[in-house]
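Summary of structural features
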Amino acid sequence: MTQAPERYIGGGVPRKEDPALVTGRANWTDNIKLPGMLHVSLLRSPYAHAKITSIDVSAAREQPGVVAAFTGDDLAEDWDKNPQANPAAVTGYGMSLDQRVRQAQEGGESSVTDTPETTGEQPVDEKTRTFVSWIPTDDTKIPNHWPVARDEVNYAGDIVAVVVATDRYKAQDALEFIEVDYEPMEPVVDVEAAVADGAPLVHEDIGTNESFTWTLATGDIDDAFNRADVTIKERYLQQRLIPNAIETRGVVANPDAITGGYTVYSSTQIPHILKYVLAVYCDVPEQQLRVVAPDVGGGFGSKLNVYAEEVIALVLARKLGVPIKWIEDRSENYLATIHGRGQVQDIELAATSEGKILGMRVNLLADMGAYLMLDGPGIPILGAFVYPGVYTFDAYDFSVTGVFTNMTPTDAYRGAGRPEACFAIERIIEALAREVGLDPVEVRRRNFYEPFDEPTDTPAGIQYDSMNMPMVLDRVLELADYEGLLEEQRRRRESGDPVQLGIGFSTYTEICGLAPSQVLAGLRTGGSGWETAKVQMLASGKVEVITGTSPHGQGHVTSWSQIAADALGVDVNDVEILHGDTALSPYGRDTYGSRSLPVGGVSVHLAAQQVVDKARKISAHMLEAAEGDMEFEGGRFSVAGSPDQNVTIQDVAAAAYMNYDLPEGMEPVLSEEVFWDPPNFTFPFGAHICVTEVDTETGFVKIRDYFGVDDCGPVINPIIVDGQLHGGIAQGVAQALYEEAIYDEEGNLTTGSMVDYLIPGAPELPKYTLERTVTPSPTNVMGVKGVGEAGTIGAPPAVINSVVDALSPYGITHIDMPASPWKVWQAIQDAQGQEAGTRDADLSGRPSQAADSTDTEGGTDS
Amino acid sequence: MIPIAFDYEVAESVDHAIELLKENGDEAKLLAGGHSLLPIMKLRLATPTVLIDLGRIDDLNYVRDEGDHLAIGAMTRHCDMERDATLQEQCGLISYTASLVGDPQVRHRGTIGGSVSHGDAASDLPSALLALEANFVIKGSGGERTVAAGDFFEDYLQTTLAPDEVLTEIQVPKLNGAGWSYKKFNRRAQDWAVVGVAAVVERSNGSIGSARIGLTNMGSTPLRATAAESALSGADPSSVAEATSSADEGTSPSSDIAASSEYRRHLARVLSRRAVEEALSR
Amino acid sequence: MRRIQMTVDGRAHVAEVEPRLLLLHHLRENLGIGGVHTGCNTTSCGACTVHIDGESVKSCTVLAVQADGHEVTTVRGIMENGLWHPMQQAFHEAHGLQCGYCTPGMIMASISLLKENPDATEQEIREGLEGNLCRCTGYENIVKAVQLVQQHTNGQPA
């Protein structure tokens, strides 16, 4: 399939979202003001781990403007109305997967309500309050997660009290009058220390810091390692990252006097999922709950969750009977919004002396933080399927243990498990190249799949949809002038230039289109992967599209308009996209995991096609012709051979609306709704080259150029796709060079503001030189794949490979992320055997760089 | 991220500001551009109960040629110094260093007087002023006094300013033929310096006449690299690397998440070499 | 409480405010200008950027009382004769925004930047926007948008 000759698809239609945004007229959650609205401020624990021995909010209640103040105990009953009600129970926690599948197949009772009857022998923990949905194993340990802590706090930022006041300043002031006595407990602030013998426990009642262990194995891994000429063992660290959407979270909950229910406005990526979970957690009948995602200022996974503050706002609106608003400030955002990454990766590769990979072992420790969030346990599992990357081999063995620590809970941050996986394979393949004495480009080529365009088995037991790695790699080498770069590198090395040149590669694939519900069930995600779209032509011939996706910067309004306009043959400006309000779109699976286009966008296309199919029947009736003779082009139905006999789709829409004279038995109006659950994921791929200049005197790394050739299948809107790649690469560069959540020994977040947590700005980031190839996916009729996380996945190893390449004359083979000037300098000092001094302020809670370097030499057992 | 409530007074003149300071005692703080003070007040790390706003005193924003030196009013903003033609020509080090402070929005508000009075060793201008051997004019209820930059900074966020004193003017020399440089090392352009080095170098018959080096963020106050300065005095330009290898002597840089003290010492040496070399080339 | 008067987007406003009220909150809460955004609250991200007397400032680090008597311009006040400011148009054309949350601040910073340095090079544009953080775009198209305005101003075809 090649790019279809449509009118809009593939064209750079300027975004329809922009007018409100560039004129300052958008509707952010913080812009919502309702009559009688009260403001919430939250007191948060300054301790990472402590018992609350006493808490007194009475003085706060007396402060000016304060309407109410509550402790965790005060509110315990407010979410405690339905003891069965926690999302985990509802998603089937307590039943094994087999049981759930069997029950569903037998057509018995719905498998979504967990009761002692449906769970047989397995007891339901009536006391467990949790937001987790993705429960990887039957014996996953799930800690109790009160929205407002009661007896114990488990991370610095845990909520301990709530103040409701007439304005935000007054609410904030009153917090100072709350008296809390804490009895500090030993905190767990390192994921490896957490699993060591005798480690203090984050949750003593659980009895272990290990939440779950999940494994995946294919082929004969022992045989692969036995046969290997070369084995390589490496350890990589994925630092914690803080998502930092520029709009913080916020929620407004408004009682609805008419329904007796509530409308919840939240800066969320997932209004539909939020609606369901809130209904369950707070025991509000789901049909009386409406959730609206207004304009949302970025998410990157951090708003793909259900948070205590959303529950608190809803419960307070119910308790006090007035609209309740909570807006997160940035300090809170750093503490209380999920963090991403946080993994220790032990990777082993078995290969031949020719550089052909035979097998791979992956052992992860994944930092869950203090509690399990919506998909927290699932993040490393998503990654499990792409550790083999773009290379084919026979045996693969993966294991992850989710670990509790006294730090902010982790969950999806752009890429979610896949950047970690891509980093590991793209780093260790460099070690393999070194080991067997091959150019890193050549060793990659030797392990690529032959190009394919039909589903192909991978070592991780899934099927990639289509891929052509040699094509993208060849092109990016040309684009970057690899030979020229090598020449410049040689020159600089020979002349002893203090600024050395690095050339770093990354060849990646991404799992997009989180979709096939049966697969998601098999993974125990607790979620479904379908998406829905409704396309309706109105009496005037204009078009409304209702989508279940929930954009927050991705430009769905524009792209979905292009898709619908092309399918219907109408003007793109005659299409409106409605989204983000469960009253408009009761169903939807929202926006995350690069799923929106291959699932949601395809749904729009399919629904629009159904509208055309029905319109074709009506047009034939109107023109008294056979349906089979009708041709449709440019929004006009005409009779084959008699082009003068025609009607426009708008004419048909009007006729369908009036219902004066439709084919017998046909229902009025052109309105079609589709629920699309794809048969597979999609797998875009690409090759990136990062060119760095490393100042060996100061350790400063400058990215001089960044080249990428990406293939995400056919493109709906190239300017939007470019934008997704730019932003994704920027976040990947940010992980590689700048960002890191650092905790001190007491579990305080040291990088708790934008002053200390280094989000790169325009001067720090390079110009991107990007091209695309087009390899359609066989997974859907449009051939589209998705692109949201590609850059974030491809960039970190390209950058680190580049820095390490620049420093390779020193014998340096690894630098942990972020490769700060300090770390780069230290690595050079270590390599030269010079006294670099101690890292006497190592607040990172991680092994020192010196210790790492022994791990990363790459052992050879052959 | 909301400050606690405070009273607000507008100073109509420097004398009025001094009067208000005397009235309100230790609880009062002077507000210049507010870009050092307001951020810590919002985090409730500073909780003054009275702010005295100097922003309405018009006659403190100036750059004047006073013959042998240039006088800069304390309320002169970073952006004003950045684009002031006299400063650019006669004391380029100040214009250039001011252009590296924070970001454009910060430079539209922040002032030299506020920056100096705050006494933060991580600020860029104080070390440049040290290298320039600037003088500070201070007014208080006891009258006016002039303090050399080298005597002004006493300890971490502490200066020689008495509670009822106001810094009114900064006097910097005209550089004439002397070369200058400021090397700021930070990870992002908008950040504070991890380490910064200001250099003013006078040439004399093909060799270095004298060199003055100011260090940013190498201790609790801005510092001079005196050992390196001595080594550079009368030295041949080819020996700059060796001479600046003592640039960290006598410093006590802190260790934090950006750098260890060892790394800071190393940076001070490298940046001093680069600064002196650049100054010599100017 | 203190009585202040300022011109905001061409209109005079008088208000009684607490001295601690941030200009950001005065504009948002008292004057209902939802186009001025709260981002970091630490003078880092620039989402709250407005102009005071034609110069960019971060309204989260200015007290409302400090703006007393001054002219404040927000993204809502830069349209002329019902037409978008060229910078607004350029951000749209160059796809210089995605979620759009940093955009008003970014636009106000960019206008101020070109006012002070009309012929800024690409590097100078990047440095001139050092105080504004965007999490979506990777900045490439923001830089292009500013360059687009330069080209229009210089009479070159975009």
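Residues numbered from 1 in each chain as written. Chains lettered and ligands numbered in written order. Predicted model: local features only at pLDDT ≥ 70, side-chain atom pairs only at ≥ 80, totals over all residues. Heavy atoms only, no water.

**Thoughts on the overall build of chain C**
Let me state the cut-off plainly: The numbering of helices and of strands both runs from the N terminus, where a helix is a DSSP run of H or I of at least 4 residues and a strand a run of E of at least 2. The reference for a compact globule is 2.2 Å times residues^0.38; the radius of gyration itself is calculated from the C-alpha atoms. Throughout this description, buried means an accessible area under 20% of the type-specific maximum (1.4 Å probe, protein chains only), exposed means over 50%, and partly exposed covers the range between. Whether two residues touch is decided by their heavy atoms; if any such pair falls within 4.5 Å, the residues are in contact. For the area figures, the Shrake-Rupley method with a 1.4 Å probe applies, and any residue is considered shielded solely by the protein chains shown. Positive charges are assigned to Lys and Arg, negative charges to Asp and Glu, while His and the chain termini are left out of the count. Taken as the charge location is NZ of Lys, CZ of Arg, CG of Asp or CD of Glu.
A count of helices and strands for chain C gives 5 helices and 5 strands. Traced from its N-terminal end to its C-terminal end, chain C shows the element sequence β-β-α-β-β-β-α-α-α-α. Its C-alpha atoms give chain C a radius of gyration of 16 Å, near enough to 15 Å, the size a compact globule of 158 residues would have. Among the 158 residues that make up chain C, the fraction classed as buried is 66%. Of the contacts formed within chain C by residues at least 6 apart in sequence, a portion of 55% connects residues at least 24 apart. When the accessible surface of chain C is summed, it comes to about 5,200 Å², and 45% of that surface belongs to carbon and sulfur atoms. Side-chain charges in chain C split into 11 positive and 17 negative, and the spacing between the mean points of these groups amounts to 8 Å.

**Details of the interface of chain C and chain A**
Quick reminder of the rule: Throughout, the accessible surface (probe 1.4 Å) given up by two parts as they are put together, summed over both, is called the buried area. Any carboxyl oxygen of Asp or Glu within 4 Å of a side-chain nitrogen of Lys or Arg constitutes a salt bridge here. Think of a polar contact as two N or O atoms within 3.5 Å of one another; within protein, one of them needs to be a possible hydrogen donor and the other a possible acceptor, and neighboring residues in sequence only count if both atoms come from side chains.
The partner chain A presents 52 residues to the 46 residues of chain C that form the contact. Contact between chain C and chain A buries roughly 4,200 Å² in total, counting both sides, with carbon and sulfur atoms accounting for 55%. The interface formed by chain C and chain A contains 4 salt bridges. Across the pair K33(A) and E29(C) runs a salt bridge, and its minimum N-O distance is 3.8 Å. At the junction of chain C and chain A, the tally comes to 26 residue pairs in polar contact (both at pLDDT 80 or more). Of all the secondary-structure elements, those providing two or more residues to the side of chain C that touches chain A are helix 1 (23-30), helix 2 (86-93), helix 3 (103-116), helix 4 (122-128) and helix 5 (140-153) of chain C.

**Brief notes about the sheet that holds strand 3 (residues 49-52) of chain C**
All names here are of chain C. Our working rule: DSSP calls a pair of strands paired once it identifies at least 2 bridges connecting them. Axis definition: a line fitted to C-alpha atoms, over the contacting stretch in the case of helices. Angles run 0 to 180 degrees between N-to-C directions.
Ordered by their spatial adjacency, 5 strands build an open sheet running 2-1-5-3-4, and the pairing between neighbours is mixed. Here the strands that pair on one side only, and so sit at the sheet edges, are strand 2 (11-17) and strand 4 (55-58). Strand-to-strand twist of the sheet, defined as the mean angle between neighbouring strand axes without regard to direction, takes the value 40°. Along the sheet face, helix 1 touches strand 1 (2-8), strand 2, strand 3 and strand 5 (71-73) and points at about 75° away from the line of strand 1.

**So, helix 1 (residues 14-24) of chain B**
Three or four residues apart is the spacing at which side chains of an α-helix point the same way, because the helix has 3.6 residues per turn. All names here are of chain B. As a reminder, the rule being used: What the arc describes is the spread of directions from the helix axis to the C-beta atoms.
Turning to helix 1, its buried residues number three or more, namely V14, A17, I18, L20 and L21. Buried residues of helix 1, viewed axially, fall in a sector of 160°; they line one side. Across from the buried face of helix 1, at angles greater than 90 degrees, the exposed residues are K22 and E23. In this structure, the buried residues of helix 1 make contact with strand 1 (7-10), strand 2 (28-31), strand 3 (50-53), strand 6 (135-140) and strand 10 (166-173). Where helix 1 terminates, the next one or two residues include G25, which has phi positive at roughly 60°.

**Some words on the state of the cysteines**
By definition, a disulfide links two cysteine residues through a covalent bond between their sulfur atoms. Rules: Working definition: a disulfide is two cysteine sulfur atoms within 2.5 Å of each other.
Tallied over the entire structure, the rule returns 0 disulfides over all chains. With no disulfide of its own, C422(A) lies closest to C512(A) among cysteine sulfurs, the gap being 13 Å. Looking at C136(C), it has no disulfide partner, and the nearest cysteine sulfur is the one in C99(C), 3.8 Å off.

**Some points on the domain arrangement of chain C**
Residues and elements named next belong to chain C. This is how it is decided: The split into domains, and so the bounds of each, comes from an automatic or database assignment of domains.
Parsing chain C into structural domains produces domain 1 (2-77) and domain 2 (86-153). A separation of 21 Å is found between the C-alpha centroids of domain 1 and domain 2. Taken together, the 16 residues of domain 1 in the interface contact 14 residues of domain 2. Both sides of the domain 1 and domain 2 interface together cover about 1,200 Å² of buried area, and 56% of this is carbon and sulfur. Among the residues of domain 1 in contact with domain 2, H37, H51 and V75 are the three that bury the most area, contributing 38% of the side total.

**Description of the interface of chain B and chain C**
Between chain B and chain C, the residue contacts involve 34 residues of the former and 34 residues of the latter. Roughly 2,600 Å² of surface becomes buried between chain B and chain C when both sides are summed, with 52% attributable to carbon and sulfur atoms. If you sort the residues of chain B by the area they bury against chain C, Y8(B), Q105(B) and R109(B) come out on top, with a joint share of 23%. The interface formed by chain B and chain C holds 5 salt bridges in total.

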